[in-house]
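# Structural features, examined
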Amino acid sequence: MDINIAKQGLIKKGFLDLEIDPQINLFAEIQKLKKEKNVLLLAHYYQETDIQDVADYIGDSLGLAQKAEQAKSDIILFAGVHFMAETAKILNPTKKVILPDLKAGCSLADSAPTPLFKAFKEKHPDHLVISYINCTAEIKALSDIICTSSNAEKIIESVPKDQPIIFAPDKNLGAYLNKKYGRNMLLWNGACMVHEIFSLEKIVKLKIRHPKAKVLAHPECEEAVLNVADFIGSTTEILKYSSTDTADQYIVATETGILHQMQINSPNKTFIPAPPTNNCACNDCPHMKLNTLEKIYLALKYELPELTMEESLRLAAKKPMDRMMEISRAAGLLG
Ligand code: 13P
Ligand code: SF4
């Protein structure tokens, strides 16, 4: 079999561990291929630093969704996880959407299997369904409005207080919103494996050693961690806060990838990753970190693996996404 066809077969299946000439300059080759093929390279803040440095845009889930929606390029290469590439396809279907490793999933999205969620929703027919963007296209299609950690507050506020709501799939974000806005949303029992791993005990010990350090936390963290946070927000909000705030030390309770931009924006400040419960690197998202410069190079070269979606599913998932974009636009949350 022709070697290129064999390679493309492997890439299609998501196995991007092909050999690359060690002599080539991956940065230069990626830049060249992006230009030649008119590609927009989008990266989430949780990507490894090299990928952030080669991306055209780095953002949180909301910013990335907006960039994907507005993309004029022929190809969107998404350095993120599967649900993010799906979001790009839902919002901008004429573009070829490429995800360097199709196995880059998400524990939070996985925590809501479609049949179980469908049955749960059917048990509560009077409830409006608000789903966090970290879910599959199938769950989006079963939802009324989508939200991200940047716009969740505005989305919740847009719903009358007496309207019963199901919030899925993140129970920690849901509980945080319930407490902050005096809601009683019914919560799906899902969570992010990265944001649940932080050790309150170790954060408190760190605070004792660094009394001036402020704790910054993502709302996907458990309540006990959020209770000791000085600031809670999405990745973009945490980044903005750390750039404009006057403290010079921070303990950061979210995925470690964000520290790269924090350090670029504030070179004289100290950022300490909040420690996980054991000595693993569990505050690195194993799904996000499946993407590598090598896989991005191969994905650009072969224009694979491509993310495709049934049109009926796309249209059903688009409705609640459009609602989210409308509310975000009206609230001035989109740049
Ligand atoms: P945001 O990008 O909305 O901050 O969400 C973080 C996250 O867990 C993405 O997978
Ligand atoms: Fe999913 Fe958590 Fe990884 Fe984000 S950090 S992709 S929510 S597992």
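Now for a quick tour of the structure. (Residues numbered from 1 in each chain as written. Chains lettered and ligands numbered in written order. Predicted model: local features only at pLDDT ≥ 70, side-chain atom pairs only at ≥ 80, totals over all residues. Heavy atoms only, no water.)

## Quick word on the environment of methionine 84
The line we're drawing: Only DSSP runs of H or I reaching four residues or more are called helices, and only runs of E reaching two or more are called strands; each is numbered from the N terminus. Whether two residues are in contact is decided by their heavy atoms, any of which lying within 4.5 Å being enough.
If you trace the backbone, methionine 84 turns up in helix H5 (residues 82-91). Taking C-alpha positions, methionine 84 is 9.2 Å from threonine 136, a pair spaced 52 residues apart along the chain. Look past the residues within four positions of methionine 84 in its chain and what remains in contact with it is His44, Ser61, Leu64, Phe78 and Met288.

## With respect to the pattern of salt bridges
We apply this condition: Whenever a carboxyl oxygen of Asp or Glu lies within 4 Å of a side-chain nitrogen of Lys or Arg, that contact is scored as a salt bridge. Working definition: with a 1.4 Å probe on protein chains only, accessible area under 20% of the residue-type maximum means buried, over 50% means exposed, and in between means partly exposed.
As enumerated under the stated definition, the model contains 19 salt bridges in all. In this structure, the salt-bridge partner of lysine 179 is glutamate 223, at a minimum N-O distance of 3.1 Å. Within this pair, whereas lysine 179 is found in helix H10 (residues 171-181), its partner glutamate 223 is found in helix H12 (residues 223-227), the two being separated by 44 residues in sequence. A salt bridge links lysine 214 to aspartate 245, with the shortest nitrogen-to-oxygen separation between them at 2.9 Å. Placement of lysine 214 in strand E9 (residues 214-217) and of aspartate 245 in the loop between helix H13 (235-244) and strand E11 (249-253) is noted, with a sequence separation of 31 residues between them. What makes lysine 214 partly exposed here is its relative accessible area of 22%.

## Here's the deal with H13
Buried within H13 are the following residues: Thr235, Thr236, Ile238, Leu239, Tyr241 and Ser242. Packing partners of the buried residues in H13 comprise strand E1 (39-44), E9, strand E10 (231-232), E11, helix H14 (258-265) and strand E12 (270-273).

## Description of the site of ligand 1
What counts here: Whether a residue is near a molecule or strand is decided by its heavy atoms; if any one of them lies within 4 Å of it, the residue is near. Polar contacts here mean pairs of N or O atoms no more than 3.5 Å apart (in protein, one a potential hydrogen donor and the other a potential acceptor; neighbouring residues in sequence count only if both atoms are side-chain atoms). Per-residue and other accessible areas were derived by the Shrake-Rupley procedure at a 1.4 Å probe size, with only the shown protein chains allowed to occlude residues. Just so you know the grouping, Ala, Val, Leu, Ile, Met, Phe, Trp, Tyr, Cys and Pro go in nonpolar, Asp, Glu, Lys and Arg go in charged, and all remaining residues, Gly too, go in polar.
The local shell around ligand 1 holds 13 residues, among which His44, Ser61, Ser149, His218 and Thr235 are the closest. Separating an oxygen atom of ligand 1 from a side-chain N or O atom of serine 149 is a distance of 2.6 Å. The separation between an oxygen atom of ligand 1 and a polar side-chain atom of glutamate 220 is 3.0 Å. Here ligand 1 loses 96% of its free accessible area of 300 Å² to cover by the protein chains. Among the residues forming the shell around ligand 1, the class breakdown is four nonpolar, seven polar and two charged.

## Side note on the pairing of strand E3 (residues 75-79)
To be explicit about the condition: When DSSP locates at least two bridges between a pair of strands, those strands are taken to pair.
Most of E3 is tucked away: five of the five residues are buried. Of the two faces of E3, the one lined by Ile75, Leu77 and Ala79 and the one lined by Ile76 and Phe78 are each fully buried. Here five bridges tie E1 to E3, and the two strands are oriented parallel to one another. Residue pairing across strands places leucine 40 opposite isoleucine 76, the latter belonging to E3. Sheet topology places E3 next to strand E4 (residues 96-98); three bridges connect them, and they run parallel.

## Let's talk about the sheet that holds E10
Within a sheet, each strand pairs with its neighbour through backbone hydrogen bonds, oriented either parallel or antiparallel. Stated precisely, the cut-off is as follows: Axes here mean lines fitted to C-alpha atoms, for a helix over just the part in contact, with angles spanning 0 to 180 degrees between N-to-C directions.
If you walk across this open sheet you meet the four strands as E10-E9-E11-E12, and the pairing is parallel. Strands at the two margins of the open sheet, each flanked by one partner only, are E10 and E12. By the bridge criterion, four bridges tie E11 to E12 in an arrangement that is parallel. When the sheet's bridge partners are listed, valine 252 is paired in E12 with proline 273. Across the sheet, helix H11 (residues 200-209) touches E9, E11 and E12, and the angle it forms with E11 is around 175°.

## Digging into the packing of H5 against helix H16 (residues 311-330)
To be explicit about the condition: In what follows, roughly perpendicular refers to angles from 65 to 115 degrees, roughly parallel to angles under 35, roughly antiparallel to angles over 145, and oblique to any angle outside these ranges.
The interhelical angle for the contact between H5 and H16, taken along N-to-C directions, is 90°, at an axis separation of 9 Å. As summarised for this structure, H5 and H16 are arranged roughly perpendicular, according to the angle between their axes. In this structure, H5 uses Thr87, Lys89, Ile90 and Leu91 to contact H16, whose residues at the interface are Arg314, Ala317, Lys318, Met321 and Asp322. Per-class residue counts for the contact of H5 with H16 are four nonpolar, one polar and four charged.

## Thoughts on the sheet that holds E4
Within the open sheet, the four strands sit side by side as E2-E1-E3-E4. Their pairing is parallel. If you trace the sheet from one side to the other, it starts and ends with strand E2 (57-59) and E4, each paired once. On average, each strand axis in the sheet is inclined to that of its neighbour by 20°, with strand direction left out of account. Packing of helix H2 (residues 26-37) onto the sheet brings it into contact with E1 and E3, and relative to E1 it is tilted by some 130°.

## What to know about the nonpolar core
Quick reminder of the rule: What makes a nonpolar core is a set of buried Ala, Val, Leu, Ile, Met, Phe, Trp, Tyr and Cys residues whose side-chain atoms join them at distances within 4.5 Å.
Ranked by size, the top nonpolar core spans 104 residues in total, and within it Phe78, Ile130, Phe167 and Leu177 carry the most contacts. Excluding its chain neighbours within four sequence positions, the residues that come into contact with phenylalanine 167 are Ile130, Tyr132, Cys147, Ile156, Leu173, Gly174, Leu177, Met185, Leu186, Leu187 and Trp188.

## Here we look at unusual backbone geometry
Residues alanine 168 and proline 169 are joined by a peptide bond in cis, for which omega reads -15°. Checked against the element boundaries, proline 169 lands in the loop between strand E7 (165-168) and H10. Located in the positive-phi region is asparagine 38, a residue other than glycine, with phi close to 50°. Residue placement: asparagine 38 occurs in the loop between H2 and E1. Overall, asparagine 38 belongs to the partly exposed group, its relative accessible area being 35%. Despite not being glycine, glutamate 303 has its phi angle at roughly 55°, a positive value. Structurally, glutamate 303 can be placed in the loop between helix H15 (293-302) and H16. Under the relative-accessibility criterion, glutamate 303 is labelled partly exposed at 22%.

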